Structure formats: structure tokens, C-alpha cells
Amino acid sequence: MTLYEWFADTAHRYPDHIALEADGQALAYWELEQLAEAVALDIVAETGGVPRRVGLLGARSIPVYAAYLAVLRLGAAVVPLDCRQPAARLSMIAELADLDVVLVHGNHSVDSVKMLPLPDRVEPKGIALPEYGAGPDDEAYVLFTSGSTGRPKGVSILHRNLHEYLAHCIEAYEVGPGCRLSQTFGLTFDPSVFDLFVAWGSGATVVAPEPNELLTPVDYIRRGRLTHWFAVPSVVGMARQLGYLPTRLVDTVRHSLFAAEPLTREFSAIWAEVAPDSRIHNIYGPTEGTVTVTGYSLPADPADWPVTSNGTVPIGQPNPHLEVVVLGTNGLPTVDGELCVRGSQRFDGYLDQADDFGRFTRFEGVDPAVDYDGSEPLTSAHWYRTGDRVSWESGELVHRGRLDQQVKIHGHRIELGEVEAALRAHPDVDQVVVLALDGSLVAAYTGTQLAAADLERWVRERLPVYMLPRRFEHQTLMPLNANGKVDRRQLEAQLFDLGEGR
């Protein structure tokens, strides 16, 4: 099925069930379907036909959710845009994606592309739409990730990339009618696809947060009577730093999922106090692999939780319909190397085919892997190179950091993730980010403010002296990017300015 057919099939089976709660309203599936069709008609009227790709610019609201479905109903691809992004970057994305039109909710704009304002109240039209014609090989959505050249890379996800993934998640996390899912992720961040379509593919309800409610997740969970919570650890970490994370008040959540950042044992223990009846899952995946490709569920008894080399919760095993291999620098399998993935969730390549070079590899199990250089067709047999370093530990995959976070300091190659793991193990430290600035390491951390000498001693007892950060900077809160993850670039600028001022 296509992404829209997942929704439409549920709307046919459960028309009166609540599909969405947002803006102080509750919409049944039949109501949301009618609103989506009304927006779809507006798009056809304004563009003179069925577009190929449609931008969507706006925050969480009923008109935006309806517009997302409207684009899919027309068989077009959704290209979510973030209103917090600079205008120049939005215009660049619009050009790279070759957008036909941008649907806009609120006081936003994108240069050099046709815009269609979304009214706060969308009225059903009662007019027939063009026949639905999308198929498994058509685009569902396009997301843009940061590019090493400064130009965003377009990731095109097809409907067939999603089918097995949604079916797996609905079964694995026991989602169905009566379930109520959080929606913590912005639409430009692909875990939002889980939020929306795991719910809408099963008869569950999406409960959107109210303004600033992500700063008080317990209030959000209790108000929304959520049964499923999905977020980056930073969202909860920030609430804890602000003192907004009371324990043992959450009694509705059955499954808590975390992704996109390291999930530590310590953090998991904190969340287990917040939502004691919830099963905690650590799931992992790149945008190019369609949301998440592996998962690990912590045992119910904390005494049975695994102890890993870096103190994080394992990312576990691949989804049952996927294959993974860990390759070393010699292109052969190893227990500690780069994670590569293939299968139905793996995307078919970037919008700009030049971005494919070196990001895929061919490995058949005997000879060393050969990276894709464009000299042969890119096929489903190619593995996607995630750029993530993982290790097999006690039969489970453990995320060890990004390969591009390896730096060279005074002739020594250093994994920043290894230094971060050592500092995170300190009982008074919460979040840690280690950066290489001006030829030395600088560590930023949250939690209790500690003397630099104490942290120095702690690191010296665990790592070689050449891995010792030159500075330790306490942060009340880590800066977050639009996806709720720690914004390493903003933090780097802040730490550089602090260093300049001393």
C-alpha cells in the first residue's frame, strides 16, 4: 500500500474513531479525510492539475496535517519545510526539489516559488477529486539532510520503502484503535512519519502538543492520555534540567521510544521513574533508511539491562525485513566498524546522483566491498553506508558515534564519542558534547557544575592523556536544532566565543 492508502484504509474501517487531536479540536477519521480532500481540490484549482512535488511550510496544526494528507491524496510527494530555517536555505531547498507549489500556514514565505496559503479553517468542498493513481514506486516524501559541501542533500522516500516498516512498527509496539501517540517531531524530521502513519495506519490517535508543551513532557502525556511516547532524549533531558520532570505521575504510557541521539542507561533509569509502567525502546536509523532500521527493547527488570562499552543502550537488531553488515576500513566484515544496510527501507539514491558516490557499496560476502562510483547501475544489491560506527557486543549492535566525528589531535586519532562516553559515565553529568576547536578538545556538559580538575581526574582514569579535553564548559541547557537534537554547530560557536573571551 501507499502511504495515503494506509490512512484511507483505516478511515474506511474506523470512520468515527478519533484520528487527530490538535488546536483544541478532535477530528474523526472521516472528518480528517474530508478536510484533506478539500485541500487537495484547492491545490488542483490553484496549480491547474496534479503537481509532482509540493512544499509544506507551517507548524503543527490541523490545516498542516490535512495538507500533508492532501498532497499524498493527489499522488504527489510532500516536501516539508521548516519555518525556522533561514529564507535563503528554504529557497535553495525549493529549487533543489523543483517544487510546483508551497502550501503555507501562517506568516511565512519562500522566494521564487508559487505559494498557496492554507486558511485556518478548511471547508469540505463536496466535489469529486481526480482518481487516485499513486503506486509503490512513486515518491511519498522528500527530506533534506545537511550536506558536507554546504548544499542540502535531497532524500527521496518511495511508498514501497514504508510498507514493511509501518507493518512492523504497528505490530512491534502494539498500536491500534484506542492508542494515543505523541507527535514531538517536526515534519522535516522523518520520525514524524512514525508518529503520523503508525497511528493512522492502525486506527490510533495522533495527539499534537500545545505550544511549549514539549518543555513539560509529563504534562503533555497526562493531558493527552498518551499510550505511546516517541522523542529524542534531548527533549526529556531539557525538561529535567528545567525541573519539569516529576516522577511516577505517568500511568498511561505503555511504550516509550527514543531515537536520533545516544540513549544511556542512566537516562533510561530516569525515564523508568517517570513512566514506570512503560517498556523502553531504543531505535536507530538514518533518513536514507526510512526512519529507523534497528531496535532494542530494554528488559523489564533494570537488573537485566545490558552493560555496554560506552554506557549507551544497544540499538539492537535490524528490522526483520532488512539486512545489515558491519564493515571495517578494509571493506570486510568486522565486530567494530561502519554499519551498512539494505532491504525494502533503503532509499534508491539522492536527488542529485553525484551525492550517491561513495555512499553506497557492493559487498557479496567474500571480496572486500567496492564503493559505488557511478560506473554501474545502482541496484537493490548495494548497501547504504550509514557513516555510523557500531560494534557487536553480546549479540547486539551498539552505536559508537559518527565516523566523521573522528579527529586528529597532536598526531593521535580520537573518536569524540569515546570521550563523550567517558564523561557521561560521571554520576553528576547528564549530557555531553565534545568538540575539536583550534587543535584541542573542548567538552560541554549539563548536570551539576563541577570543578575542571575533578573532571580532568575522571577522564585521566579512563582514557589516554592525549584524549583529555583542554576545557570543560558547563551548560545549563544544550542548544537544540529544529529536530530537537543537540545543535553541535551552535554549540561550537558558543564555545569558540567563550574561548576568545578568556
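Residues numbered from 1 in each chain as written. Predicted model: local features only at pLDDT ≥ 70, side-chain atom pairs only at ≥ 80, totals over all residues. Heavy atoms only, no water.

> Quick question: what am I supposed to make of unusual backbone geometry here?
Peptide bonds are, in most cases, trans, and in most cases residues other than glycine have a negative phi. The phi angle at Thr-290 is positive, at roughly 65°, despite the residue not being glycine. If you trace the backbone, Thr-290 turns up in the loop between strand S13 (279-284) and strand S14 (294-297). Of note in the backbone geometry, Ser-394 takes a positive phi value of approximately 55° without being a glycine. Within the secondary structure, Ser-394 is located in the loop between strand S20 (383-393) and strand S21 (396-402). (Helix = DSSP H or I, 4+ residues; strand = E, 2+ residues; numbered from the N terminus.)

> Please clarify how the pattern of salt bridges should be interpreted in this entry.
In a structure, side chains of opposite charge can pair up when their charged atoms sit close to one another. Tallied over the full model, the rule gives 24 salt bridges. For the salt bridge of Arg-488 with Glu-420, the shortest nitrogen-to-oxygen distance reads 3.4 Å. Of the two residues, Arg-488 sits in helix H12 (residues 488-500) while Glu-420 sits in helix H10 (residues 416-424), which places them 68 residues apart along the sequence. Residue Glu-420 is classed as buried on the basis of its relative accessible area, which comes to 7%. Between Glu-461 and Arg-462 there is a salt bridge whose closest N-O contact spans 3.3 Å. Overall, the relative accessible area of 39% leaves Arg-462 in the partly exposed class. The network of salt bridges with shared partners includes Asp-137, Arg-160 and Asp-348. (Salt bridge = Lys/Arg side-chain N within 4 Å of Asp/Glu carboxyl O. Buried < 20%, exposed > 50% of the residue type's maximum accessible area, 1.4 Å probe, protein only.)

> Would you explain the nonpolar core in this entry?
Looking at soluble globular proteins, one finds that nonpolar side chains tend to be buried together. Judged by nonpolar contacts, the single largest core of 111 residues is most densely connected at Tyr-141, Phe-194, Phe-197, Trp-200, Trp-229 and Trp-271. Looking at this core element by element, the count peaks at ten residues for helix H3 (residues 62-73). Residues within four places of Phe-197 in sequence aside, it is in contact with Leu-3, Phe-7, Tyr-68, Leu-69, Leu-72 and Leu-166. Residues Leu-450, Leu-463, Met-467 and Leu-468 belong to the second largest nonpolar core, which totals 20 residues. (Core = buried A, V, L, I, M, F, W, Y, C linked by side-chain atoms within 4.5 Å. Contact = heavy atoms within 4.5 Å.)

> Just checking my understanding: could you explain the pairing of strand S17 (residues 336-343) for this structure?
Regular strands show a simple pattern: their side chains alternate between the two faces of the sheet. Within S17, six of the eight residues are buried, which leaves it mostly tucked inside the rest of the structure. By the bridge criterion, six bridges tie strand S16 (residues 322-327) to S17 in an arrangement that is antiparallel. Looking at S17, one finds that Glu-323 is bridged to Arg-342. Judged from the five bridges that link them, S17 and S20 form a sheet pairing that is antiparallel. Across the sheet, residue Val-341 finds its bridge partner in S20, namely Tyr-384. (Pairing = 2+ DSSP bridges.)

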